[in-house]
Each structure stands twice: as C-alpha cells, then as structure tokens.
Amino acid sequence: MKKMLYSIAGFLLVALARLPLGVLYVLSDLTWFVLCYIVGYRRRVIMRNLRACYPSKTEAELKKITRDFYRNLSDYFFETVKLLHISDDEMARRLKFDNLDLIESILRDGRSVTVYFSHCFNWEWAPSVTLHLASLVEGKQVRFCQIYRPLRNEWFDRLMLGVRSRFGSVSIKKTRTLRDLVTFHRKGELTVTGFMSDQKPSHGDPIHVIEFLRRPTAVITGTAVLACRMSTGVVYWDTVRERRGHYRIVTRPISDNASAMTPEDVTARYFKLLEQTIDRDPANWLWSHNRWKHPVTLPDNNNEQ
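Every value quoted in this text rests on a predicted model; they were computed, and no experiment measured them.

A. Main features of the pattern of salt bridges. One pass over the structure, following the stated rule, counts 18 salt bridges. Between D88 and R166 there is a salt bridge, and its shortest N-O distance comes to 3.2 Å. Taken as a pair, D88 in helix α5 (residues 88-94) and R166 in the loop between α7 (154-164) and β5 (170-173) lie far apart in primary sequence, 78 residues in all. In this structure R166 comes out as partly exposed when scored by relative accessible area, which is 28%. The closest approach of N and O atoms between R158 and E154, which form a salt bridge, is 3.3 Å. Of the two residues, R158 and E154 are both situated in helix α7; the distance of four residues between them amounts to about one turn of the helix. Judged by relative accessible area, R158 falls into the partly exposed class, the value being 49%.

B. Examining empty space enclosed by the protein more closely. Throughout the structure, instances matching the rule amount to three cavities of 30 Å³ or more. In this structure, the largest cavity spans a volume of roughly 120 Å³. Going through the elements one at a time, β2 (113-117), β4 (140-148) and β6 (190-196) are the ones with two or more residues in the lining of the largest cavity. Residue composition of the lining of the largest cavity, by class: nine nonpolar, five polar and no charged.

C. How the structure looks around the nonpolar core. Core analysis: the largest hydrophobic core is formed by 71 residues, its most contacted members being I103, F212, L213, W237 and W287. Sorting elements by how many residues they give to this core places helix α4 (residues 59-82) first, with seven residues. In terms of nonpolar packing, the next biggest core, distinct from the first, is built from seven residues, C145, I172, F184 and L226 among them.

What counts and what doesn't
Residues numbered from 1 in each chain as written. Predicted model: local features only at pLDDT ≥ 70, side-chain atom pairs only at ≥ 80, totals over all residues. Heavy atoms only, no water. Salt bridge = Lys/Arg side-chain N within 4 Å of Asp/Glu carboxyl O. Helix = DSSP H or I, 4+ residues; strand = E, 2+ residues; numbered from the N terminus. Buried < 20%, exposed > 50% of the residue type's maximum accessible area, 1.4 Å probe, protein only. 1 Å grid on protein atoms, 1.4 Å probe; cavity = no way out; pocket = protein on both sides within 12 Å on 5 of 7 lines; lining within 4 Å. Points joined across faces, edges and corners; volume = space filled by probe spheres on them. Nonpolar A, V, L, I, M, F, W, Y, C, P; charged D, E, K, R; others polar. Core = buried A, V, L, I, M, F, W, Y, C linked by side-chain atoms within 4.5 Å.

So this is what it looks like as structure tokens:
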C-alpha cells in the first residue's frame, strides 16, 4: 500500500513539474491562502521568532512579514517541484550568479572552496551554479558538492536527492563530509561545497554562542572548523529575491584561506553577512524553524563588548 501511495505521489509531482511556472504560481496562491488563513502553519513559532528578533517592529509589520513569508514558502514548494522538469536555459534565466570570479580565483590558486548559504528562498535552486562555473580549472577537475542531512522518510529522501543532483552536483551526507572531501582532495580534485549552516546545531554538536538577529544564538561551527582544517577559501552566497520566480545570488568574500583565521572568526563573519541578508528581506528566511527552542546566553566576554 505504501509503495502504491508513493508511486501515485511521484506521478503527481512529475505531472505538476510539467506545468509552466505561471500555472504553478496560481496553485501556490491557493496554497498560500490555506497556509496563512486556514492552517496557520507554525504561526506561533514564526511570530515568536519575529517578535524576539525585531522588537522595534509593530504587530502590523510583523503580521505582514508573516503573510509574505507564507507566500514565499508556498512558492518554494512549487519552485522545488519544478526542478523535476525544467530546462537548463530556463533555470539559468531565473537564477543569476554575481561575483563568481571570487570562486574561480580561489580555485586557480589550487584551493577548494567552502560556500556558506542559508535557508533563504529558494535555496534548492542554488546547485544550478554548475551551469555557470566550469568543471575544469587549469586542468584540474572541480567537483560541486552539497552537504545534507538525510530525511526520515526514505522515499522522500531519494526524491530530494534526485532533485538536488539535477544539475550534476554531489550530495554528501553530513556524517561523511570530512571523509568524502579528503578523498576528492587525494584524487587531485578541487571541490566547491555548499554548507547550509544557519539552523540550530544538531544534538551532540559543539555549541558556540554569538549575538545573531539581536539575540543570543547557538550556532554551527563545524563548517568553519572543516574549512580551517582543509585550508579552503570561504565565500558567502547572499540570496536576493528580485521578483517572483527570479533570484540573484551574490558571492561575497569571507576568506581566501580559512587557515589564516580562527573557526570562530569565520563563523562570526558568516552570521554577520547572513543577518544583513535577513534584515534586508525578513520574509525570505525560514522563520518556521524553531531556531531558538533552547535559550542560551552570551559568554561573559561577549557581554562585556
């Protein structure tokens, strides 16, 4: 019965993906209305997060951000489904990349690249960078990778892996990150690896507390530790939603060689850039995640500053 239901679900998703995005956005509008005004998906979490991060905003302003967030979330779903059936040309037209020369420069120096990005809509389109960057730099093979946490549902996990590899990138399980990246390095392959490091640390991860969005926040440091250990270059992808169905990712520098910085400094630089991205367009970030479920306090040295 489960196999039959999953087969039906897969058929429906592929059928949806064949529709033009204009039609999908009509369906998205209907979904947005249900999410926002009937279901109220995680509304308490969203409003609690927004109130704490934007104490100077009025309730009316926060409610507008919430309504816009639901619209972006609904668009995210249908835009992600569209990855099952979208041409390279249409994808390249809808998502532009700026300053990729920063990545190319690091690769030409013989270093792999750590790319920080975040749950800003639509992050699932980011792997299309392979349409804009060459897979060979001065005779060296470049491997495009992304780190992911497997989903609990095995069928849905396989579906999302297929979507995320649509443009030729390699999905690496979080638990295999160091092993696989070292393997590529030993083969003489450079890597451009995306890390989504904006959510709360997993159970058992080391906790580092900084001020982020005007409140004490436990953040992930493993990405920076890995970048420093492997002496990679580090950049940040600043996602801009230009209009519906059209995005721009601006590559911003963090370090040409992470080993010249401490993991804490790399992490702090990333979160400062991410904060600027979110403040510019709050509705474009994933507020429904219970990011601050477990309150933390800043270290004494941070409080003194």
